[in-house]
Amino acid sequence: TGALGVRSSDGATRTLAHIPMYETRKLAMGYVPVFLGPVYRAAVLPERTCVGWAARWEVSCYSRDGTLRTRTVRETSPGAVTDDDKRLFREGFMRANRGVPREQAELTARSFPFAERRSAYGRFVPATTGELWVGEFVISEEIFLGRTGLGSPAVETTWSVLAPDGRWIADVRLPAH
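Keep in mind it's a predicted model, so treat the numbers as computed, not measured. (Residues numbered from 1 in each chain as written. Predicted model: local features only at pLDDT ≥ 70, side-chain atom pairs only at ≥ 80, totals over all residues. Heavy atoms only, no water.)

Turning our attention to the pattern of salt bridges. Counted by the stated rule, this structure contains 10 salt bridges. For Arg173, the salt bridge identified is with Glu136, shortest N-O distance 3.4 Å. With Arg173 in strand 12 (residues 168-174) and Glu136 in the loop between strand 10 (132-135) and strand 11 (157-162), the pair connects residues that are 37 residues apart, well separated along the chain. Look at Arg173 and you get partly exposed, because its relative accessible area is 48%. Overall, the relative accessible area of 31% leaves Glu136 in the partly exposed class. A salt bridge links Asp165 to Arg167, with the nearest nitrogen and oxygen atoms 2.9 Å apart. Residues participating in the shared-partner salt-bridge network are Arg56, Glu58 and Arg71. (Salt bridge = Lys/Arg side-chain N within 4 Å of Asp/Glu carboxyl O. Helix = DSSP H or I, 4+ residues; strand = E, 2+ residues; numbered from the N terminus. Buried < 20%, exposed > 50% of the residue type's maximum accessible area, 1.4 Å probe, protein only.)

Across the chain, the bulk of peptide bonds are trans and the bulk of non-glycine residues have phi less than zero. A positive phi angle, near 70 degrees, is found at Leu36, a position not held by glycine. Locating Leu36 in the fold gives a position in the loop between strand 4 (30-33) and strand 5 (40-44).

One pass over the full model with this rule turns up 1 disulfide. Put simply, Cys50 and Cys61 are joined by a disulfide, and their sulfur atoms are 2.1 Å apart. Between Cys50 and Cys61, the S-S dihedral sits near 110 degrees, and the bridge is therefore right-handed. On the criterion of sequence distance, the pair formed by Cys50 in strand 6 (residues 48-53) and Cys61 in strand 7 (residues 58-63) is long-range, its members being 11 residues apart. Accessibility assignment for this pair places Cys50 and Cys61 in one class, buried. (Disulfide = S-S within 2.5 Å.)

This next bit is on the nonpolar core. Within the largest apolar cluster, 14 residues are counted, with the highest numbers of intra-cluster contacts made by Phe35, Leu36, Phe89, Phe93, Phe112 and Phe114. Only helix 1 (83-96) and helix 2 (102-111) provide two or more residues apiece to this core. When residues of this core are assigned to their parent elements, the largest contribution, 3 residues, is made by helix 1. In this structure, Leu45, Val59, Phe124 and Leu162 belong to the second largest nonpolar core, which totals 13 residues. (Core = buried A, V, L, I, M, F, W, Y, C linked by side-chain atoms within 4.5 Å.)

The tally for this structure, following the rule as stated, stands at 9 aromatic pairs. Ring plane angle 75 degrees and centroid distance 5.6 Å describe the contact between Phe89 and Phe112, whose orientation is recorded as edge-to-face. Here Phe112 lies in the loop between helix 2 and strand 9 (124-126) and Phe89 lies in helix 1, a separation of 23 residues in the sequence. Of the residues examined, Phe89 reaches a relative accessible area of 0% and is grouped as buried. Classification of Phe112 by relative accessible area gives buried; the value is 9%. Seen in terms of ring centroids, Tyr121 and Phe124 are 5.3 Å apart; in terms of plane orientation they differ by 35 degrees. Their pairing is tilted. One exposure class covers both Tyr121 and Phe124, and it is buried. (Phe/Tyr/Trp six-rings, centres within 6.5 Å; stacked < 30°, edge-to-face > 60°.)

What follows is about the pairing of strand 3 (residues 24-27). Taken residue by residue, a regular strand's side chains alternate between the two faces of the sheet. Pairing geometry for strand 3 and strand 4, over 4 bridges, is antiparallel. In the strand pairing of strand 4, Leu27 is matched with Gly30. The turn linking strand 3 back onto strand 4 is made up of 2 residues. (Pairing = 2+ DSSP bridges.)

Our next topic: the sheet that holds strand 5. Overall, antiparallel pairing links the 4 strands, which are arranged 5-6-7-8 in an open sheet. Because the sheet does not close on itself, it has two edges, and the strands there are strand 5 and strand 8 (68-73). Between one strand axis and the next, the sheet turns through 15 degrees on average, direction left out of account. Two elements, strand 7 and strand 8, share 5 bridges in a ladder whose sense is antiparallel. Within strand 8, the position partnered with Tyr62 by the bridge is Leu68. (Axes fitted to C-alpha atoms, helices over the stretch in contact; angles between N-to-C directions.)

What follows is the structure in structure tokens.
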């Protein structure tokens, strides 16, 4: 789990919430992450910090003093993790681990536990104008696939744009790059 907190001008800290970073499952080798399910997201903007646990579409934003400013909830159903999702993830893992002996990488990829339901959203991207862009969940953006940065995804995506006051402004469809 992670902690969200604030530090006052006198250096005192106050924890606002303990938030899971990702779901885990206990296997013979110990606790391992559950892939393609909900994860913790955060974005720091000049006047607020926005966070969310993507088990459902909910984004909470806090002011610098730790006061909850907004909570935006959208009724969505992220859907089940499909066999095709798992295949794409495993293929990405194999590409990202070309330097590992193939048999070892395949054994690891076959052992991955997957969530039953997809994450409700993907990345948070703060805009310089104060809006928060919340991207849809995209398998190719999962960190385990070896992404090298926050570039544009290789598939068309929809982003929900939230105003500084938490209102939903629009959904913006961006082409693949």
